[in-house]
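Structural characterization, general
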Amino acid sequence: MEVEPLLDISVDYVARRAESCFEGLADLPEHIKDKLVRTMCLRGTLTNSNISQVLHSGIKTLDVHNCRLSDLALQKICCRHLSRICLSNSTEITSRGLQALASSCPNLKWIDLSGCTSVTDPGVQVLALSCMGLEVIALMRCTALTDKAIQELGANCRMLHTVSISETQVTDTGVIGLATGVCANSLKEIHMSGCRNLTDEAVIFVLLNCSNIHTFVFHGCPLMTDRSREALQSHTGKDKIKHVTWTYY
């Protein structure tokens, strides 16, 4: 019978009782903190009150989608090496928290804000200005966002290659700003399904300006017509778009 290592047992014990084991966590070695943070994130026991005790400046990835965190937690994250963070469905996080995160973690390259319904334009705008090396951003179901946020990404994030704005209120203006911005040649993947305000113009601008696009998803957009299908015909095939999903009405 395989015996679980004592370290793993100890980490799991602390993760399950994180609030009662609060004292002493800050003094743990970084390699143990890494294991503890991963376990706490999986169990959803990372909180506003204990997050500053277990994070360290060298941490590179953080997935807290199982945890109930607010702006207070983001204000305590000071990890300049953090490159990847998943905050999906964190409905208590607002632009104020994102502004603190962007200021403390300028090397972010990947961020998932899907379902963060309290995030507004200023939060994404400060990410675009402070984390200019951003490569992937997921904004699905961020219903409080407008074109301003998407335009700011297009204006500043030259390395951006994957964007999801599905089920948002973004219009053609935002997509055109993205497709004609500094990331036009970097963009490889755009998801904008379920966007009720987008028309064929958004599709056409992406196809004309983003020469390296290979995944393009825009199904469930009721204002799309046969014009989008016609525009796609010349952009699919070898060395062109590899994956496309759409619906036209």
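Being a predicted model, the structure only gives us computed values, none of them experimental.

Looking at the overall build of the chain
Looking only at helices and strands, one finds 10 helices and eight strands in the chain. Out of the 249 residues in the chain, the part that is buried amounts to 46%. Expressed as a percentage of contacts within the chain between residues at least 6 apart in sequence, the contacts between residues at least 24 apart total 69%. When the accessible surface of the chain is split by element, carbon and sulfur atoms take 52% of a total near 11600 Å². When the 23 basic and 25 acidic side-chain charges of the chain are each reduced to a single mean position, those positions are 3 Å apart.

Details of the pairing of strand β7 (residues 215-218)
Alternating residues of β7 divide into Thr215 and Val217 and Phe216 and Phe218, and every residue in both groups is buried. Pairing of strand β6 (residues 189-191) with β7, which is carried by three bridges, proceeds in the parallel orientation. Considered in β7, the bridge of Ile190 is made with Phe216. One crossover worth recording links β6 to the parallel β7 by way of helix α9 (residues 200-209), and it is right-handed. By the bridge criterion, four bridges tie β7 to strand β8 (residues 243-246) in an arrangement that is parallel. By the bridge assignment for β8, Phe216 is matched with Val244.

Let's talk about the sheet that holds strand β4 (residues 136-138)
Overall, parallel pairing links the eight strands, which are arranged β1-β2-β3-β4-β5-β6-β7-β8 in an open sheet. Strands with a single pairing partner mark the edges of an open sheet, and in this sheet they are β1 (61-63) and β8. Pairs of neighbouring strands in the sheet enclose a mean axial angle of 5°, with direction left out of account. As defined by bridge partners, β1 adjoins strand β2 (residues 84-86) across three bridges and the pair is classed as parallel. When the bridges of β2 are listed, Leu62 appears paired with Ile85.

Quick notes on the rules
Residues numbered from 1 in each chain as written. Predicted model: local features only at pLDDT ≥ 70, side-chain atom pairs only at ≥ 80, totals over all residues. Heavy atoms only, no water. Helix = DSSP H or I, 4+ residues; strand = E, 2+ residues; numbered from the N terminus. Buried < 20%, exposed > 50% of the residue type's maximum accessible area, 1.4 Å probe, protein only. Contact = heavy atoms within 4.5 Å. Areas by Shrake-Rupley, 256 points an atom, 1.4 Å probe, with all protein chains shown as cover. Lys, Arg positive; Asp, Glu negative; His and termini not counted. Charge placed at Lys NZ, Arg CZ, Asp CG, Glu CD. Pairing = 2+ DSSP bridges. Right-handed = clockwise from strand over helix to strand, strands pointing away. Axes fitted to C-alpha atoms, helices over the stretch in contact; angles between N-to-C directions.

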